[in-house]
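Residue-level structure breakdown
So you can see what is in the structure, the chains are spelled out below.
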Amino acid sequence: MVGLGPGVAKGLNLPGQESLKGPSLGAIVSVRGSVVDVRFDEHLPPIYSVLRAGDKGQIVIEVLAQLDARHVRGIALTPTQGLARGMAVQDMGDPLKVPVGKEVLSRMFDVFGNVIDRGAALPDCQWRSVHQPPPPLARRSTKSEVFETGIKAIDVLMPLERGGKAGLFGGAGVGKTVLLTEMIHNMVGQHEGVSIFCGIGERCREGEELYQQMKEAGVLPNMVMVFGQMNEPPGARFRVGHAALTMAEYFRDDEHRDVLLLIDNIFRFIQAGMEVSGLMGQMPSRLGYQPTMGTELSRLEERIANTDTGAITSIQAVYVPADDFTDPAAVHTFSHLSASIVLSRKRASEGLFPAIDPLQSNSKMATPGIVGARHYGLAQEIRRTFAQYAQLKDIISMLGLEQLSPEDRNVVARARRLERFLTQPFFTTKQFTGLDGKLVSLEDALDGCERILRDEFKDYPESALYMIGAINEAKGKVKPSPSTAEPKSKAKADLAPAAKATPEPHPIAGARPQPMLEHADDAHES
Ligand SMILES: Nc1ncnc2c1ncn2[C@@H]1O[C@H](COP(=O)(O)OP(=O)(O)OP(=O)(O)O)[C@@H](O)[C@H]1O
Ligand SMILES: [Mg+2]
């Protein structure tokens, strides 16, 4: 207590005076990985202050805790190589800041606001702290407007909200980044506002590829990219989201423009927080996550909000560890979003890209008051068809398609055609699928689904609907074959090679007749 007194008194009595403004010097007491303890004899830097160490001040530390009257504990945002006990540390007297303003457009940054696109240095501009409060409740706006993406499955079944938050959930390698890149491609051109891409903890290569793609597409002048990729220390990955958001808030609040904020991948933010928390010595919570995960995530997510001056629409990829959607990280993220697009591994393995699972995904915009009665009715009917098909799948795999009633067979035929119609070739995957990308208007997508549900394409092979844009392309692709009225024979002949839900049952049903089938049937019903 004796030691505490003078320090506190000094801080209270001299606010804003030189001794506080000027950088003060400290000395390193301990270094454990990214965690650095520093002793300050004069003025103890407040939480979130930035400290610098090293010959050129290249090692940056952010204060996260004040241990006692003389010691702070911080996390390094750069590698701590070369750091040693006793080395001098300078308190910069400021929190972490990033540049904001028109100057940042078309540039690529790291978490410190350094340009990393090998371009010219940034001209003089305003720098702002990355720690900002979310807008107060009174300033938030609650308009509900749909944001079209040109991707059939999304626009029909889970329309995105302008100014809302949408999540792309999926395990490793099911197509989150591809879908996000396609959305950027489709939306950045038609979006009048600014787009900000934030790469958190993903591959550096993807950042570079995206930069080149955007440059070629000519949309860079209205875009900003901020990266803290997987090679960076946890502190940097933890703060890079805040850095991108600070730039987004500037465009919303000061320039009154709409902002499209794309994040790949928000799970890496949570993971970085977990690493920081572990390094700081906090007790882990469920599944090893940090006890403060909910707070950390909502501090970031709540800043992504609409105000009367502008909207931040955000699309976030969310990696789901081990495809387990009950993972605390996924569950916490779900609760912040207005639309969740869930990607399923099974669909990806069947080649049904984008691998969106229509029964798991949802959007709060899918209500008759917002999308209209026709769209809502169609979406419900499509979901119903898929749900029935999902139930029938068990029976099909045990008994075979021919055991179904004619109505059920019709449901299967419709669901399989809808499934294929809701696939779409992407502009960004042209180099490996060889198919030209397609942008489909909502009207065309609804029209196609409606006509499939009305059985207009009953006599078309399923493959005619696979990887097309609007439904009329199916007519150009193949002629209907009137002789094959039964869905059974078509399903066998025309599937995309990887799709195997229907053809499988035949050999099984043939090889093991009655007893097995009865047993299986019981099992299914129980
Ligand atoms: N729409 C698509 N069309 C064709 N192929 C696709 C499509 N989406 C994904 N793929 C295939 O899946 C692969 C993985 O996709 P992607 O990199 O987007 O996965 P991811 O979910 O981001 O994975 P990670 O969690 O590892 O980042 C792609 O390289 C591509 O081969
Ligand atoms: Mg990815």
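What comes next is a walk through the structure. (Residues numbered from 1 in each chain as written. Chains lettered and ligands numbered in written order. Predicted model: local features only at pLDDT ≥ 70, side-chain atom pairs only at ≥ 80, totals over all residues. Heavy atoms only, no water.)

Close to ligand 1 lie 16 residues; G173, K176, T177, V178 and R203 are nearest. A distance of 2.9 Å separates an oxygen atom of ligand 1 from a polar backbone atom of G173. The backbone of V174 places a nitrogen or oxygen atom 3.3 Å from an oxygen atom of ligand 1. Burial of ligand 1 by the protein chains amounts to 78% of its free accessible area of 630 Å². Contributions of two or more residues to the shell around ligand 1 are made by α4 (176-190) and α14 (430-433). Tallying contributions element by element places α4 first for the shell around ligand 1, with three residues. Among the residues making up the shell around ligand 1, the classes are represented as seven nonpolar, six polar and three charged. (Near = heavy atom within 4 Å. Polar contact = N/O pair within 3.5 Å; in protein donor to acceptor, adjacent residues only side chain to side chain. Areas by Shrake-Rupley, 256 points an atom, 1.4 Å probe, with all protein chains shown as cover. Helix = DSSP H or I, 4+ residues; strand = E, 2+ residues; numbered from the N terminus. Nonpolar A, V, L, I, M, F, W, Y, C, P; charged D, E, K, R; others polar.)

With that out of the way, let us pick up the side chain of S49. Note that S49 resides in strand β3 (residues 49-53). Filtering out sequence-adjacent residues up to four positions away, S49 remains in contact with I61, E62, V63, D91, D94 and P95. (Contact = heavy atoms within 4.5 Å.)

Next up on the list: the packing of helix α13 (residues 406-421) against helix α15 (residues 442-453). With their axes 9 Å apart at the nearest point, α13 and α15 run at an angle of 160° to one another. The orientation of α13 relative to α15 falls into the category roughly antiparallel. Relative to α15, the crossing made by α13 is right-handed. The segment α13 lies against α15, with R414, R417, L418 and F421 engaging D444, A445, G448, C449, I452 and L453. (Axes fitted to C-alpha atoms, helices over the stretch in contact; angles between N-to-C directions. Parallel < 35°, antiparallel > 145°, perpendicular 65-115°, else oblique. Left-handed = near helix turned anticlockwise from the far one by under 90°.)

Quick look at the packing of aromatic side chains now. Tallied over the entire structure, the rule returns six aromatic pairs. Measuring from centroid to centroid gives 5.8 Å for F197 and F227, while their planes differ by 50°, and the two rings are tilted. Placement of the pair is F197 in strand β13 (residues 194-200) and F227 in strand β14 (residues 223-228), with a sequence separation of 30 residues. Note on accessibility: F197 and F227 belong to one class, buried. Over the ring of F421 we find K152, and its NZ or CZ is 4.1 Å from the ring centre. One Lys or Arg, R268, reaches over the ring of Y319 and ends 4.7 Å from the middle of that ring. (Phe/Tyr/Trp six-rings, centres within 6.5 Å; stacked < 30°, edge-to-face > 60°. Buried < 20%, exposed > 50% of the residue type's maximum accessible area, 1.4 Å probe, protein only. Lys NZ or Arg CZ within 6 Å of the ring centre and 35° of its normal.)

With that settled, consider the pattern of salt bridges. Here the structure, examined in full by the defined rule, presents 36 salt bridges. The salt bridge partner of D117 is R107, with a shortest N-O separation of 2.9 Å. In this pair, D117 is assigned in the loop between β8 (108-109) and β9 (126-129) and R107 in the loop between β7 (97-100) and β8, connecting sequence segments 10 residues apart. Per residue, the accessibility class of D117 equals that of R107, and both read buried. In this structure, E350 engages K346 in a salt bridge whose closest nitrogen and oxygen atoms are separated by 2.9 Å. Judged by relative accessible area, E350 falls into the buried class, the value being 10%. Linked by salt bridges that have partners in common, R347, R416, R417, E419, R420 and E462 make up one network. (Salt bridge = Lys/Arg side-chain N within 4 Å of Asp/Glu carboxyl O.)

Spatial ordering of the open sheet is given by β8-β14-β13-β15-β16-β12-β17-β18, a layout of eight strands whose pairing is mixed. Looking along the sheet, the strands with just one partner apiece sit at the ends: β8 and β18 (362-363). Sheet topology note: the strand β12 (residues 165-170)/strand β17 (residues 339-342) ladder contains four bridges and is parallel. Looking at the pairing, L168 lines up with I341 of β17. Here helix α5 (residues 204-217) sits on the sheet in contact with β8, β13, β14 and β15 (259-264), set at roughly 170° to β14. Sheet strands touched by helix α7 (residues 266-279): β13, β15 and β16 (312-319). Its angle to β16, the strand with the most contacts, is close to 70°. (Pairing = 2+ DSSP bridges.)

With that settled, consider the pairing of strand β5 (residues 71-76). A large share of β5 lies buried, amounting to six of its six residues. Of the two faces of β5, the one carrying H71, R73 and I75 and the one carrying V72, G74 and A76 are both buried. Judged from the five bridges that link them, strand β4 (residues 59-66) and β5 form a sheet pairing that is antiparallel. Within β5, the residue paired with A65 across the bridge is R73. Between the antiparallel neighbours β4 and β5 lie four residues.

This paragraph deals with the side chain of T307. Tracing the backbone through its elements, the reader meets T307 in the loop between α8 (293-301) and β16. Residues within four places of T307 in sequence aside, it is in contact with P135, R139, R140, S141, R252 and D253.

Before going further, it helps to spend a moment on the packing of helix α12 (residues 373-399) against α13. At a minimum axis separation of 9 Å, α12 and α13 run at an interaxial angle of 115°. Our pair here, α12 against α13, has a crossing hand that is left-handed. Taking contact as the criterion, the partners of I382, T385, F386, Q388, Y389, L392, K393 and I396 in α12 are, on α13, D408, V411, V412, R414, A415, R416, L418 and E419. The residue makeup of the contact of α12 with α13, split by class, is nine nonpolar, two polar and five charged.

Turning our attention to the environment of Q58. Counting through the fold element by element, Q58 comes out in the loop between β3 and β4. Separated by 22 residues in sequence, Q58 and T80 have C-alpha atoms that sit 9.5 Å apart. Sequence-distant contacts of Q58, that is, excluding residues within four places in its chain, are made with A53 and T78. A distance of 3.5 Å separates a polar side-chain atom of Q58 from the backbone nitrogen of D55.

Below, the discussion takes up unusual backbone geometry. In the segment running from D264 into N265, the intervening peptide bond is cis, with an omega of 25°. With respect to the helices and strands, N265 occurs in the loop between β15 and α7. Cis geometry is adopted by the peptide bond preceding P354, which originates at F353 and carries an omega value of -5°. As for its position among the elements, P354 is in the loop between α10 (345-349) and β18. Positive phi outside glycine occurs at R118, with the angle close to 60°. Structurally, R118 can be placed in the loop between β8 and β9. The phi angle at M467 is positive, at roughly 55°, despite the residue not being glycine. Along the chain, the position of M467 falls in the loop between α15 and α16 (472-477).

What is shown is where atoms sit, not what they do.
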